[in-house]
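# What the coordinates show
So the chains spell out like this:
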Amino acid sequence: MLHYIGRRLLQLIPVLLGMTFVVFMIIRAIPGDPAQVILGQQATKEAIESLRAKLGLDNPWYVQYFDYLKGLFTGDLGESLRTKVPVQDEIWQYLSATLELSLFAIIIAVIIGVNAGIISAWFQNSWFDYTAMILALVGVSMPIFWLGLMLQWVFGIQLDILPTTGREEVRDPVQAVTGLYVIDIFMTGRLDQLGTVLKHLVLPGIALATIPMAIIARMTRSSMLEVMRSDYVRTARAKGQKMFWVVYKHALKNAIIPVLTVIGLQMGLLLGGAILTETIFGWPGIGRYIYEAINFRDYPVIQSGILVVAFIFVMINLLIDLLYSLIDPRIKYD
Amino acid sequence: MSKKKLWSLAVLLVLTLSTILAACSSGDDDNANGDNGGDSSKPKILVFGRGGDSVSLDPATVTDGESFKVTKNVFETLVNFGDQDTEIHPGLAKEWEASDDGLTYTFTLNEGIKFHDGTDFNADAVVFNFDRWANGSGEDFYYYSSMFGGYKGDEGHVIDSVTADGDYKVVFKLKRPQAPFLKNIAMSPFAIASPAAVEEKGEAFGDNPVGTGPFKFVEWKRNDSITIEKNEDYWQDGLPKLDKVIFRSIPDNSARLNALTTGEIDLADGVNPADGATVESNDELQLFERPSMNVGYLGLTSTRPPFDNKLVRQAINHAIDKQAIVDAFFEGRAEVAKNPMPPVIGGYNDDIPGYDYDPAKAKELLAEAGFPDGFEMDLWAMPVPRPYMPDGQKVAEAMQKNLADVGIKANIVSYEWATYLEKARNGEADAFLLGWTGDNGDADNFIYVLLDKDNIGSNNYSYYSNDELHDILIEAQSTVDEDARNDLYMQAQEIIFDDAPWVPIAHSTPLLAGRADITGFLPHPTGSDKLETVDFE
């Protein structure tokens, strides 16, 4: 197992290296000059040129690329062209905000999605099955932008029970320690803020969870249906085992592997795809960080931001692969 | 049997969920629907929602409006703009004198003012700041070089020297008269920072700003919020009224308005024109109109045929129904433009008739120009809403129809914003939507910057060049007498009207919304607002 993990981690190096190159070339292929964008519409030509020189953008691309790589190997992710803040100094703060939101969303998505899928399969062709699958279809196809504004309108404005934007009540801010506020309030002993922080997670969490929830539900359902038709389930039922145990213990264990794959992929997508949710809910996460960097052609931020997200994506997938063999000991990696 | 289990599971789930929700609603965020005003023991906190985060809080180094919104309240300038205009009033300097030749300005400073770090504000501090900017290189202090013609040693640099005469007198010597000098000095980037803090913090000063302003910097959570608190030792008695101001970034306009409605924020910048009526119909909210200091226009690149023909440009001016565009897409909250600058700017020529909507006349002019059957062109529409143009795409569609009516086939083209600007700057567009928000409320900052031949390849995106106009604008730059100067700009507008390098469309009124009990908030035309007089009823 350790051998396998080691090999997977080694494989990471060329993958990430290749990615830095692709990202580097792509963002330089988009027209639009960082110096122009930073200085804005007001800028003069001379100003732009002198800023380009200062930022090193007038060097040939390979010089810029090797400078960037050299920085990476010394743990330097570069400095934002716009704010002049080193990327490594501020990236965790955005990443932690997105991680907290994504974890919350994936938990909702898994709990509801997996259970809805199981029940749908269990009571195949029942009203629950039909409703759940129609909802799943709606969920997949609903634009997050619209869903987000609708959630704000219903739960924020009409019912007035949930806050619509941000991570905290700004008039009584959470003191950041780890950046994961749910943990931070325990560390700082401000338990009274728990309600506020959880409440702020609900709407963006639901908006973000909708699509993975729907996908997980559909995947679970079809995977379960297949397993439930298999001989051993029939045997178990014939032996008089309670349906609940048959479904949740025997069937689920075999049906969950493809579902896990989907969960892993969805988690990766959540990380990168949180841009819309973060924009609508004013969530200071990494999606928005990268998105704004793209608008401002802030090359170091785009490069390093994508690199970090990709790294996490790959790590999640490794974790999922390891989970396979935990759940099903027949899967072996050595 | 199994069904029973399922039901108990469902009940359990519902119970858990409702407990969590109940716990949430008992959470202490009652002040979200805040009642800051009534209770004097509660701190008065204003949460200002806006579209983006600041870039840096060192105003000298930034160019973006979001940064100035914060620094305006942390720092102060030698002279101030008026509450809602760009007239010059005393600031850190209580009075000043200009020599007759316009080459020497002597400022007398207010005494007894301290920076937030406890050091004294005095003439040396002013000298220190101007020295810091003048010795800038490259683009550290963009606005300094742009407003004062470069840095120390540059040929165009206007400021010859800044010296202290005693503790509370500062003397500026200029190399040549600069008419908008005082207006420039009043701009946010030229706010006076604490020399001690600048030296101590170095590069990190932008994260730890220290000024003399009504509010002190407290905390910055990037992309989320910036908190500033009352400066207890502020030199103006009774100010500021608020204990704390928190600037929050909520990028989406609709989401920001939602947050205002639910009480998460108290004041919202960037309200869509279409939402103006919603705000007005809500008793708990009030609508604020920012005085207009902008222009939205359709630029006609006058080096590209057929736009090199004046008659064609005039024809297009007649073809476009500006009033209809303002009514439909600005919700009427804008003034139809006839000049390249808004009427609040000194030197505005109200005698210019403007091109009325007259398709017949447009066709006549086109025929005269040799295009009786019209022609085909690209019409560039900006991809992002700007204060001067809430919806570029829709405005372009309306224009497309107007142009079709006179036989011109316009294809709408759009690029992502950064690309759009770059390509337009390179003169690649036939006709493009764009606009401008003034920096210092001076005519020079509109007409010279946008339409003089000196600025082709820079802000003169329409590549318009007229030598007569150029001479007038250069003369106006060094004319100190206000009336004579205004006369020159009046002439300039006549030339521009005749040459028609643009179709000026609108001077928009950007909207803000706030809680109904906010008092003393006066939105400023420059876009950065002073909040020291703001209070809750």
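Keep in mind the model is a prediction, meaning the values are calculated, not measured. (Residues numbered from 1 in each chain as written. Chains lettered and ligands numbered in written order. Predicted model: local features only at pLDDT ≥ 70, side-chain atom pairs only at ≥ 80, totals over all residues. Heavy atoms only, no water.)

### Let's talk about the overall build of chain A
- Helices and strands together make up the secondary structure of chain A, namely 14 helices and 0 strands.
- Along the longest, intermediate and shortest principal axes, the C-alpha atoms of chain A span 85 × 55 × 40 Å.
- Across the 334 residues that make up chain A, the buried fraction comes to 53%.
- Taking as baseline every contact in chain A between residues at least 6 positions apart, the subset at least 24 positions apart corresponds to 73%.
- Here chain A displays about 15200 Å² of accessible surface, and carbon together with sulfur accounts for 70% of that area.
- With 26 positive and 25 negative side-chain charges, chain A shows a separation of 12 Å between the mean positions of the two kinds. (Helix = DSSP H or I, 4+ residues; strand = E, 2+ residues; numbered from the N terminus. Buried < 20%, exposed > 50% of the residue type's maximum accessible area, 1.4 Å probe, protein only. Contact = heavy atoms within 4.5 Å. Areas by Shrake-Rupley, 256 points an atom, 1.4 Å probe, with all protein chains shown as cover. Lys, Arg positive; Asp, Glu negative; His and termini not counted. Charge placed at Lys NZ, Arg CZ, Asp CG, Glu CD.)

### Thoughts on the environment of G441 of chain B
All names here are of chain B.
- Positionally, G441 belongs in the loop between β17 (431–437) and α14 (447–451).
- The sequence separation of G441 and D483 amounts to 42 residues, and the corresponding C-alpha distance is 16 Å.
- Residues contacting G441, with those up to four places away along its chain left out, are T86, K183, M293 and I345.

### Topic: the side chain of N445 of chain B
Residue and element names in this part refer to chain B.
- Mapped onto the elements of the fold, N445 is located in the loop between β17 and α14.
- Polar side-chain contacts of N445 include one of 2.7 Å to the backbone nitrogen of D439.
- With near-sequence residues (within four places) excluded, N445 lies in contact with M147, W436, G438, D439 and N440. (Polar contact = N/O pair within 3.5 Å; in protein donor to acceptor, adjacent residues only side chain to side chain.)

### Details of the packing of helix α1 (residues 2–29) of chain A against helix α14 (residues 299–327) of chain A
Residues and elements named next belong to chain A.
- Closest axis-to-axis distance for the α1/α14 pair is 10 Å, and the angle between their directions is 150°. It follows that α1 is roughly antiparallel to α14 by the angle criterion. The element α1 and its partner α14 pack so that their crossing is right-handed.
- Looking at side-chain class alone, the contact of α1 with α14 contains 19 nonpolar, 3 polar and 3 charged residues. (Axes fitted to C-alpha atoms, helices over the stretch in contact; angles between N-to-C directions. Parallel < 35°, antiparallel > 145°, perpendicular 65-115°, else oblique. Left-handed = near helix turned anticlockwise from the far one by under 90°. Nonpolar A, V, L, I, M, F, W, Y, C, P; charged D, E, K, R; others polar.)

### Here's the deal with the UniProt feature "transmembrane region" (unreviewed entry) in chain A
- The feature "transmembrane region" (unreviewed entry), as annotated in UniProt, sits at residues 12–30, 101–123, 130–155, 201–220, 255–281 and 301–324 of chain A in this numbering.
- Taken as a whole, residues 301–324 of chain A contains 100% helix and 0% strand, while its terminal C-alpha atoms sit 35 Å from one another. (UniProt positions renumbered as here; feature names shortened; annotations may be inferred.)

### Focus on the environment of F288 of chain B
Residues and elements named next belong to chain B.
- Of note, F288 is situated in strand β12 (residues 285–289).
- With 12 residues separating them along the chain, F288 and G276 place their C-alpha atoms 9.4 Å apart.
- Those residues in contact with F288, other than ones at most four positions away along the chain, are L267, P510, L511, L512, A513, G514, I518, F521 and P523.

### Re the pattern of salt bridges
- One pass over the structure, following the stated rule, counts 36 salt bridges over all chains.
- D266 of chain B is the salt-bridge partner of R171 of chain A, the closest N and O atoms lying 2.9 Å from each other. Taken together, the residues span two chains, with R171 of chain A in the loop between α7 (144–158) and α8 (181–187) and D266 of chain B in the loop between α7 (253–261) and β11 (267–271).
- Across the pair D269 of chain B and R290 of chain B runs a salt bridge whose closest N-O atoms are separated by 3.8 Å. Taken together, the residues D269 of chain B in strand β11 and R290 of chain B in the loop between β12 and β13 (294–300) connect sequence positions 21 residues apart.
- Residue D269 of chain B is classed as buried on the basis of its relative accessible area of 9%.
- Because the salt bridges share partners, they merge into one network encompassing R50, D53, E66, K69, D269, R290 and D529 of chain B. (Salt bridge = Lys/Arg side-chain N within 4 Å of Asp/Glu carboxyl O.)

### Quick word on the sheet that holds strand β10 (residues 244–249) of chain B
Residues and elements named next belong to chain B.
- The 7 strands are arranged β8-β9-β10-β1-β11-β19-β12 in an open sheet whose pairing can be described as mixed. Strands with a single pairing partner mark the edges of an open sheet, and in this sheet they are β8 (215–221) and β12. The mean inter-strand angle of the sheet, taken between neighbouring strand axes irrespective of direction, is 20°.
- Here 6 bridges tie β8 to strand β9 (residues 225–230), and the two strands are oriented antiparallel to one another. Bridged to E219 within β9 is T227. (Pairing = 2+ DSSP bridges.)

### Some thoughts on the interface of chain B and chain A
- Taken residue by residue, the interface counts 62 residues in chain B and 62 residues in chain A.
- Buried surface at the junction of chain B and chain A, summed over both partners, amounts to about 5400 Å²; 52% is from carbon and sulfur atoms.
- Where chain B touches chain A, the interface holds 4 salt bridges.
- E90 of chain A is the salt-bridge partner of R222 of chain B, the closest N and O atoms lying 3.3 Å from each other.
- Counting across the interface, chain B meets chain A through 13 residue pairs in polar contact (both at pLDDT 80 or more). (Buried area = accessible area lost by both parts, 1.4 Å probe.)

### Some words on the domain arrangement of chain B
Residue and element names in this part refer to chain B.
- Each assigned domain of chain B is listed with its residue range as follows: domain 1 (75–195), domain 2 (215–291 + 529–536) and domain 3 (294–508).
- Measuring from the centre of the C-alpha atoms in domain 2 to the corresponding centre in domain 3 gives 34 Å.
- Across the boundary between the two partners, domain 2 contributes 7 residues, which contact 5 residues of domain 3.
- Here domain 2 meets domain 3 over a buried area of about 430 Å², counting both sides, of which 52% is carbon and sulfur.
- If you sort the residues of domain 2 by the area they bury against domain 3, P273, A274 and E289 come out on top, with a joint share of 68%.
- Between the two partners, domain 2 and domain 3, sit 2 salt bridges.
- The interface formed by domain 2 and domain 3 holds 2 residue pairs in polar contact (both at pLDDT 80 or more) in total. (Domains from an automatic or database assignment.)

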